[in-house]
Every structure is written in structure tokens, then in C-alpha cells.
2 protein chains.
Amino acid sequence: MIRNDKILIIGSVAVDCIETPFGKRAAVLGGSATFSSVSASFFNRNTGIVAVIGDDFPAAYRAVFKKRGIDIRGLRVIPGGKTFRWSGNYTGDMNSPVTLYTHLNVFKDFKPSIPEGERDAAFVFLANIDPDLQGMVLRQIKNPSLVVCDTMNYWIANKPRALKKLLKRIDIFLLNEGEARQLSGEHNLLKAARAILAYGTSSVVIKKGEYGVLFFSKRLMFQSPAYLLEDILDPTGAGDTFAGGMLGYLSGAGRINDASIRTSLIYGTIMASFAVQDFSVDALLRLRQADIRRRFDEFVRMTKFC
Amino acid sequence: MIRNDKILIIGSVAVDCIETPFGKRAAVLGGSATFSSVSASFFNRNTGIVAVIGDDFPAAYRAVFKKRGIDIRGLRVIPGGKTFRWSGNYTGDMNSPVTLYTHLNVFKDFKPSIPEGERDAAFVFLANIDPDLQGMVLRQIKNPSLVVCDTMNYWIANKPRALKKLLKRIDIFLLNEGEARQLSGEHNLLKAARAILAYGTSSVVIKKGEYGVLFFSKRLMFQSPAYLLEDILDPTGAGDTFAGGMLGYLSGAGRINDASIRTSLIYGTIMASFAVQDFSVDALLRLRQADIRRRFDEFVRMTKFC
């Protein structure tokens, strides 16, 4: 049984500098907790984040969370500290940016501590951080209903054991195509998924970017194309936006079963399709509820048969 | 109104030498007319081919067409001629083979002549040949109900004007992702599709291999993922098998509308998924009708939502 509809997201809040073939933006709002919480907030007004920033973090960006009704009691400010900064350049390849710099700053010493009042969250998203820290977070949460976990190539290469140990406690594990191959040692995605399930996660989502997503559990295999777009301005945050939409939908679905999981993957797809149509969270912040439903319905028309 | 259910396929019948990471086969049955007609024959026992071979063509391969009930009155044998031979190596990249040789042989002088009794075919597949010859074929067919046309990078590069002229008379134009970009000059596939529709074809199918297909007409946009496979032994002929399945299904659907087109694209996908599971047409020849329906139903379960 699902205890409540509270979503708790543990990840990064960052300031990004982004260049794509379509433009350049300096010092925009970024971070995995940012994209995923803004995305989830369209489905659930009981979404909180646990992250860390420096006191250089712009007030205007803090206001974004307020505006979206996101609980930032877990957003710790380190006096004298500097916020995590990342700079990526997508001009060579829209699918994999060249990192110009990663200044972890206050994020380097991030030891996520879940505020007492949020430890009962039923829905947890462990965004991409050190798998040891993701495990530490999980130990603080009281019996969650659904734990979704993301990772990245760096942790697969450097902390594979911690990651595999963590997977035994994960309900939905998200990773991209390349990471799935890296973690499993299998090129074929069906074999990769099977190997990853064997590590103990209840299910795995393999994100293929513009080619859609695959979902695997012991009893369900599901695949969906992505939403076709004419202009992709900035792919930063697409995966986290996907996760936020998925979790947001599931938190309101009443039950977590094959049908609601299928639909949640489509809502994740739809939210990601909005996110990449502008830099940072700009496109998400312009969204109205009706836009989401309209694009969802359009996606149904574009994919249904028989 | 659809006059009859006759399918006529104009293309190549070839002898291939294939190497993939999973093995090597010398002198196997190949060619666009072969794959597409064998595929179509599972839906329609009134399928004929127009092609050319030499008198070196093995009797055992001729028997394949007989076995599948394919009309080969239009299969011309050139006395003293040699059959078209192609050799491809996929060991570097399963998506794009290295051509070791192309011996056109009798195919070089192929001037397709449609037998008098087959000029009333309602369903026509112009497999990949010189667009001038494709046009010549079309002039011989009396008022077909549906004309499907394939092409390749070579014709896009060397006969773009003939191809664009031909497109005004095409109902469904098939090409792969790279060819769509090449022909349209647009990288984005939505823009590419729009540009290709502007040349005059009523609709276009962009084949993305393991990532599925896109369909565009003025009123319908449809997309589908591919059927997930664990082992792909030989991708040769996948596109032609797709076309044959699509056309085969449509020829029996009673009417050509958005709904039957959607379903036909899925049957094309399913047939192609079988074809690549063995070399040449071997997997197709082992198929039973029930296998097709079973995989189709499985595909429905793997992709449906809400």
C-alpha cells in the first residue's frame, strides 16, 4: 500500500554554462534535482528536494523552486561556499557534450541528510550521485513505496561494487544505452537488461535519447519511441526531467502496476520532450498543465495501432 | 476502389556472399525482389515478381519461389548470362556492410517488361533500381491502387532529378534515415520528411533499423519502435522484407486508410524481425503463419499504453 504521495528527490542543484549549435547560455539553473523536481511538480505539489548550494546561489533561481511549489527545506546552503558549476558544449554532438569544466565546490562534501519531516516520503528519486551516498540516503528513509535510481558512467567505472549492492534495494533503475552496455558488459540491450536485473533491481529503464526508452522487469517488457521534435535546443537535463515526470505520474496513479508504469514512461517521455526545447528549465517553466495533456494525446495518436 | 489483390514486385534476384560476426555464407539466395516477395507471400498468395537472372541461377533457389507460391512468369532468364552477385561484410558494423563486390551481370541490362497478364496488378512494389526504370515500369501498369517505392543512396546522388520526378507518382516512398537526410538536405527527420513530401509522394516511411520506423503523410504521422531481438545474424534484406510485409498486409486489408497503414507498418516490422534472425531468406522459409501472429501480439503487449 502507498502511504502518501510525497516525492523526495536527492541530487544536485547547479549553475550551468551551456553551448549548443543553437546558442550559448552562461550561469543558468541546472542540476539533476532541479530538472527532476520541476518536472515532477506538474504532477505532484508535494515534491521536495535534498541538495546543497553555496551562498552565491542566485535568489532568482531559488524563486523557481518556490514558484513551482517545491519544498526546499532539504536544500542546504553552505555559508561562504560556492554552488556546483558545470559547463558543457554540445556543438560537436547533441547526444554527448564535451565537459569544459566541473567545479563540484560544495557538492564535493555533500552528505545528504534527510530532514526529519521528510523521511516518510513514499516516492524517492536518487538522482545521479555517488552510489555510497545513495545508499546512505536510503537508510534514512522509512520504508518507501518506490525507489527510483539514476547513475552515470563515472560510478559504473569507479564504484561498480557499491552500485551493484545498491541495486538490490532499487525498484526502477535508470540508465542510458551506453551505461547499460558498460555496466553489463553486453552490447545487445536485451542481454544487458537481463544482466542488470540479475543484480537485483526490480526493473530497469534504458534511455535511448531520441530513440525512446525500454523498460524491463521480470514480468514486463515495454518499449516506446521518443516524441519527435523539430528543434532540440539543449538536451541538458532530459534524463532527469524524464525521471521527474515518471515519478510524478506514478505518485498520483493510485497504484504501481504494469499499466501505470507504461503510462508513467510516456509522461516521462513527454516531459523530456518539452525540456529540450529550450535551455535550462526555461521551457518547463512556461508549460501549462494543458500542454502536457495535449502532447500526451498527440503521442497516443502518433503511436497507436490496431 | 481496389481492383484486385495482386501484388507485383519489380527488383533484383541475386546470389549473395555474406559475412557477419555470426558466420559466413557463400552463394545464398538474395535480392530485393526475393526478400520482398517471400515476405509478401505470407499475406497474399497472388504475388508475382519481375526480375532477371542468368542461366547459372540454381534450380534450388528457383524452387523457393515455387514453394512460396510466387508467380515467376516475370522472372526472365538470360541464356548464357550470369545472375547478379553481391558480397557484403558486416563484421565491422551490423548496420552498414562493406561491399566486397557488386557484379551486376545480367542486371546491368535489366529493362523490366511487365507480362501482359500482370499489368493490372493493384499493388506494386518498385524495389531499389534506377528511378528511370522504376518510371518505365509504372508506365506499363494500368492504374494501380497502391505504388510503393524504395531507393538507395546511389540513385539519390546520381539521379536526383529522375527520382524526384518519379516521386510525384508514388503512394508510399521508403528510405532509410541516412537516405532521407541525403535526399532532403535536412538533418532533422521531421524536416526531412516534410521536404520529401513536398516532392510529391503521398507518404514517406523512414526506416531507422533497430530503432524502428516513422511514417509521414499530409494527415498522419506515425512512429513505431522495432521488435527487440537478442540475436541478429544477418541484416541483409530487412528493408525489403519490411516492404513485402507491409504491402502484403495492405493487399488483404480491404481498404487503405490510416488504420490499415499503421497495422501494415507493424507487420512490416515483424517480418523484418524474423528475416534478420538467419542468413538469406532462411528464417522466413521456416516461418509458419502462427509465428507471425504470435510475434505481432507480443509486439502489441510490448508497446501499448493507456
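Residues numbered from 1 in each chain as written. Chains lettered and ligands numbered in written order. Predicted model: local features only at pLDDT ≥ 70, side-chain atom pairs only at ≥ 80, totals over all residues. Heavy atoms only, no water.

## A look at the packing of aromatic side chains
Cut-off, in case you're wondering: Two rings belonging to Phe, Tyr or Trp (six-membered ring only in the last case) form a pair when the distance between their centres is within 6.5 Å. Interplanar angles under 30 degrees mark stacking, angles over 60 mark edge-to-face geometry, and anything in between is tilted. Summary of the burial criterion: residues with accessible area below 20% of their type's maximum are buried, those above 50% are exposed, and those between are partly exposed, where the area comes from a 1.4 Å probe applied to protein chains only. Going along the chain from the N terminus, every DSSP run of H or I of four or more residues is numbered as a helix, and every run of E of two or more is numbered as a strand. Put simply, a charge is over a ring when the Lys NZ or the Arg CZ is close to the ring centre, within 6 Å, and near the line of the ring normal, within 35 degrees.
The final tally for this structure, using the stated rule, is 19 aromatic pairs over all chains. Seen in terms of ring centroids, Tyr154 of chain A and Trp155 of chain A are 4.8 Å apart; in terms of plane orientation they differ by 85°. Their pairing is edge-to-face. Judged by its relative accessible area of 45%, Tyr154 of chain A falls in the partly exposed class. Judged by relative accessible area, which is 15%, Trp155 of chain A ranks as buried. With 6.1 Å between their ring centres and 35° between their planes, Phe305 of chain A and Phe299 of chain B make a pair best called tilted. Linking Phe305 of chain A in the segment after helix 11 (289-303) with Phe299 of chain B in helix 11 (residues 289-303), this pair reaches from one chain into another. The same class applies to Phe305 of chain A and to Phe299 of chain B, which are both buried. The rings of Phe43, Tyr249, Tyr267, Phe296 and Phe299 of chain A together with Phe305 of chain B are connected pair by pair, giving a single aromatic cluster. Above the face of the Phe279 of chain A ring, Arg25 of chain A is positioned so that its terminal group lies 4.2 Å from the ring centre. Between the NZ or CZ atom of Arg68 of chain A and the centre of the ring of Phe42 of chain A, over which it lies, the distance is 3.7 Å.

## What about the interface of chain B and chain A?
Convention followed: What makes two residues a contact is simply this: any of their non-hydrogen atoms within 4.5 Å. Once two parts are put together, the accessible area they lose, assessed with a 1.4 Å probe and summed over both, is termed the buried area. When a carboxyl oxygen of Asp or Glu lies within 4 Å of a side-chain nitrogen of Lys or Arg, that pair is called a salt bridge. Any pair of N or O atoms that falls within 3.5 Å is considered a polar contact. Within protein, one atom must be able to donate a hydrogen and the other to accept it, and sequence-neighbouring residues count only if both atoms are side-chain atoms. Basically, the charged four are Asp, Glu, Lys and Arg, the nonpolar ten are Ala, Val, Leu, Ile, Met, Phe, Trp, Tyr, Cys and Pro, and anything else, Gly included, counts as polar.
Taken together, the 31 residues of chain B in the interface contact 31 residues of chain A. Of the roughly 3000 Å² buried where chain B meets chain A, counting both sides, 57% is carbon and sulfur surface. Together, Gln223, Glu230 and Phe305 of chain B form the three largest contributors to the area buried by chain B at its contact with chain A, with a combined 25%. At the boundary of chain B and chain A, one finds four salt bridges. Asp231 of chain A is the partner of Lys191 of chain B in a salt bridge, and the nearest nitrogen-oxygen pair spans 3.2 Å. On the surface where chain B and chain A come into contact, there are 18 residue pairs in polar contact (both at pLDDT 80 or more). Elements supplying a minimum of two residues to the side of chain B that touches chain A: helix 7 (189-198), strand 12 (213-217), strand 13 (221-224), helix 9 (258-275) and helix 11 of chain B. When the residues that make up the side of chain B that touches chain A are grouped by side-chain class, the tally is 18 nonpolar, four polar and nine charged.

## Some remarks on the packing of helix 8 (residues 238-252) of chain A against helix 9 (residues 258-275) of chain A
Residues and elements named next belong to chain A. This is how it is decided: Inter-axis angles, ranging from 0 to 180 degrees, are taken between N-to-C directions of lines fitted to C-alpha atoms, where helices are fitted over the stretch in contact. Here roughly perpendicular refers to angles of 65 to 115 degrees, roughly parallel to angles under 35, roughly antiparallel to angles over 145, and oblique to all remaining angles. Here a crossing is taken to be left-handed if its near helix is turned anticlockwise relative to the far helix by less than a right angle, and right-handed if that turn runs clockwise.
Orientation of helix 8 relative to helix 9, taken along the N-to-C sense of each, is 140°, at an axis distance of 7 Å. Taken together, the axes of helix 8 and helix 9 lie oblique to each other. Here the hand of the crossing between helix 8 and helix 9 comes out right-handed. Mapping the contact onto sequence places Ala238, Thr241, Phe242, Gly245, Met246, Tyr249 and Leu250 in helix 8 and Ser260, Ile261, Thr263, Ser264, Leu265, Tyr267, Gly268, Thr269, Met271, Ala272 and Ala275 in helix 9. Class assignment for the residues of the contact of helix 8 with helix 9 results in eleven nonpolar, seven polar and no charged.

## Thoughts on the nonpolar core
For the record, the criterion: Residues belong to a common nonpolar core when they are buried Ala, Val, Leu, Ile, Met, Phe, Trp, Tyr or Cys residues joined through side-chain atoms within 4.5 Å.
Ranked by internal contacts, the top residues of the largest apolar core, which has 106 residues, are Ile10 and Phe173 of chain A together with Val13 of chain B. With sequence-adjacent residues up to four places away left out, Ile10 of chain A is seen in contact with Val50, Phe110, Pro112, Ile114, Val124, Phe125, Leu126, Ala127, Ile129 and Val137 of chain A. With 104 residues, the next largest nonpolar core counts Ala33, Tyr90 and Phe279 of chain A together with Leu189 of chain B among its residues.

## A word on the relation of the copies chain B and chain A
For the record, the criterion: We superpose the copies by least squares over the C-alpha atoms of residues that have a pLDDT of at least 70 in both of them.
In the superposition of chain B on chain A (RMSD 0.0 Å, axial shift 0.0 Å), the rotation amounts to 180°. Within this description, the copies of the chain are treated as partners about a two-fold rotation axis. A symmetric contact is evident, with 100% of the interface residues of chain B recurring at the interface of chain A.

## Details of unusual backbone geometry
Residue and element names in this part refer to chain B. Non-glycine residue Asn105 carries a positive phi angle of around 50°. Examined against the element boundaries, Asn105 turns out to sit in the loop between strand 7 (98-103) and strand 8 (123-126). We note that Cys306 has phi near 40°; this positive angle belongs to a residue other than glycine. Mapping Cys306 onto the fold places it in the segment after helix 11.

## So, the side chain of Glu177 of chain B
Within the secondary structure, Glu177 of chain B sits in helix 6 (residues 177-184). Judged by its relative accessible area of 12%, Glu177 of chain B is buried. Residue contacts for Glu177 of chain B: discarding those within four places in its chain leaves Tyr211 of chain A together with Leu189, Ile206, Lys207 and Lys208 of chain B.

## Concerning helix 5 (residues 160-167) of chain A
Residue and element names in this part refer to chain A. Applied cut-off: Read the arc as the range of directions from the helix axis to the C-beta atoms.
Every buried residue of helix 5 is accounted for by Ala162, Leu163, Leu166 and Leu167. The buried residues of helix 5 occupy an angular sector of 140° when the element is viewed end-on, so they sit on one face. Those residues of helix 5 that are exposed and angled more than 90 degrees off the buried face are Arg161 and Lys165.

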